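Letter by letter, the chains look like this.
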Amino acid sequence: MAIERIDIAGVGVDICRPENLESEILELLAKPGTKQIVFLSIWGLLKARGKNTFAECVKNADLVLPISKSILKAAAFLKREVPNRYNPFNGLIDILSILDSHYRSFYILGGKKKSLQKSVGNVMKTFPNLRIVGRYVGYYPKTQEDDIIQAIYKASPSLVLLSEGIKEKDCWPYNRRNRFSSSVFIYYRDAIGIFSDQVHRVSEATFNAGREIWSEILRNPIKIFLLFPYLYFKILLVWYRIFKK
């Protein structure tokens, strides 16, 4: 089996080797209905331990890819097989490349008008075989949602990318999963910002060192308080190591 789901502190995380990503994406595309890929951070993992919609979303996601180095360290500490860590931007590019090589389609939802237009233009230049079958801005009025859902349903794109301005984030497609025909959904907040050259992505060196949280703190200093849930996570792992063998 190419994909294995392991348990990290009560949350399922998938082991998906890079060499298996294409076959997994093609397998998802062949399945009917709404499918979802979740890029899971340590903070998302902690949230997914609760009783909430996000926890259900992660539990039912078709592919849960870890993006935090702390998740890999937790797997090793708990004596699980260590999954591959994905840089969300690079992971998205890899997925778009797979779709491009198989002449698939793409819908993009999020951002503001100018950044969305520039993003679409840059995606079309980079992936000439990827058909853009629709787009819509984020921060849209609630009255427009039914039209957006209907447009996605009719276009039935291979992939729907959700980005900035989608309030429910990963939970948006999960909460509406019965209203789509057959698409894979991914939420990545910075996608449109990066594609439109308005957001600088984290450098490879910073990401590989696991220091991307400092970039987040520079953008939003209040995130320094994430230190407390991080310490809780460390204590939680010790408890699982001792009592949950």
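Residues numbered from 1 in each chain as written. Predicted model: local features only at pLDDT ≥ 70, side-chain atom pairs only at ≥ 80, totals over all residues. Heavy atoms only, no water.

Draft legend 1. Layout of the packing of helix α1 (residues 21-30) against helix α5 (residues 88-101). Two elements in contact, α1 and α5, have axes separated by 10 Å at closest approach and are oriented at 65°. α5 is crossed by α1, and the crossing has right-handed handedness. Residues Leu21, Glu22, Ile25, Leu26 and Leu29 of α1 pack against Asp94, Ile95, Ile98, Leu99 and Ser101 of α5. Taken together, the residues that form the contact of α1 with α5 break down as seven nonpolar, one polar and two charged. (Axes fitted to C-alpha atoms, helices over the stretch in contact; angles between N-to-C directions. Helix = DSSP H or I, 4+ residues; strand = E, 2+ residues; numbered from the N terminus. Left-handed = near helix turned anticlockwise from the far one by under 90°. Contact = heavy atoms within 4.5 Å. Nonpolar A, V, L, I, M, F, W, Y, C, P; charged D, E, K, R; others polar.)

Draft legend 2. Main features of the pairing of strand β7 (residues 159-162). What you see with β7 is no split at all: Leu159 and Leu161 on one side and Val160 and Leu162 on the other are buried throughout. Sheet topology note: the strand β5 (residues 105-109)/β7 ladder contains four bridges and is parallel. Note on β7: the bridge partner recorded for Phe106 is Leu159. As judged from the four bridges shared by β7 and strand β8 (residues 182-187), these two strands associate in the parallel manner. Pairing of Leu161 across the sheet is with Ile186, part of β8. (Buried < 20%, exposed > 50% of the residue type's maximum accessible area, 1.4 Å probe, protein only. Pairing = 2+ DSSP bridges.)

Draft legend 3. Up close: the nonpolar core. One finds Ile37, Leu96 and Leu161 to be the most contacted residues of the largest nonpolar core, which totals 34 residues. Top element by residues in this core is α5. It accounts for six residues. Core analysis: the next-biggest nonpolar cluster, separate from the first, contains 27 residues, Leu40, Val58, Ala61 and Cys171 among them. (Core = buried A, V, L, I, M, F, W, Y, C linked by side-chain atoms within 4.5 Å.)

Draft legend 4. Examining the sheet that holds β5 more closely. Reading across the sheet, the six strands line up as β4-β3-β8-β7-β5-β6 and stay open at both edges, with parallel pairing between neighbours. At either end of the open sheet lies a strand with only one pairing partner, and these are β4 (63-66) and β6 (131-136). The mean inter-strand angle of the sheet, taken between neighbouring strand axes irrespective of direction, is 20°. Lying over the sheet, helix α6 (residues 113-126) contacts β5 and β6, oriented at roughly 170° with respect to β6. Across the sheet, helix α7 (residues 145-155) is in contact with β5, β6, β7 and β8; its angle to β5 comes to roughly 170°.

Draft legend 5. Focus on α7. Every buried residue of α7 is accounted for by Glu145, Ile148, Ile149 and Ile152. Axial view of α7: buried residues confined to an arc of 95°, hence all on one face. When the buried face of α7 is taken as reference, the exposed residues oriented beyond 90 degrees from it are Asp147 and Lys154. Those residues of α7 hidden inside the fold are in contact with β5, β6, β7, α8 (171-175) and β8. Among the residues trailing α7, Ser156 stands out with phi positive, at a value near 45°. (Arc of directions from axis to C-beta.)

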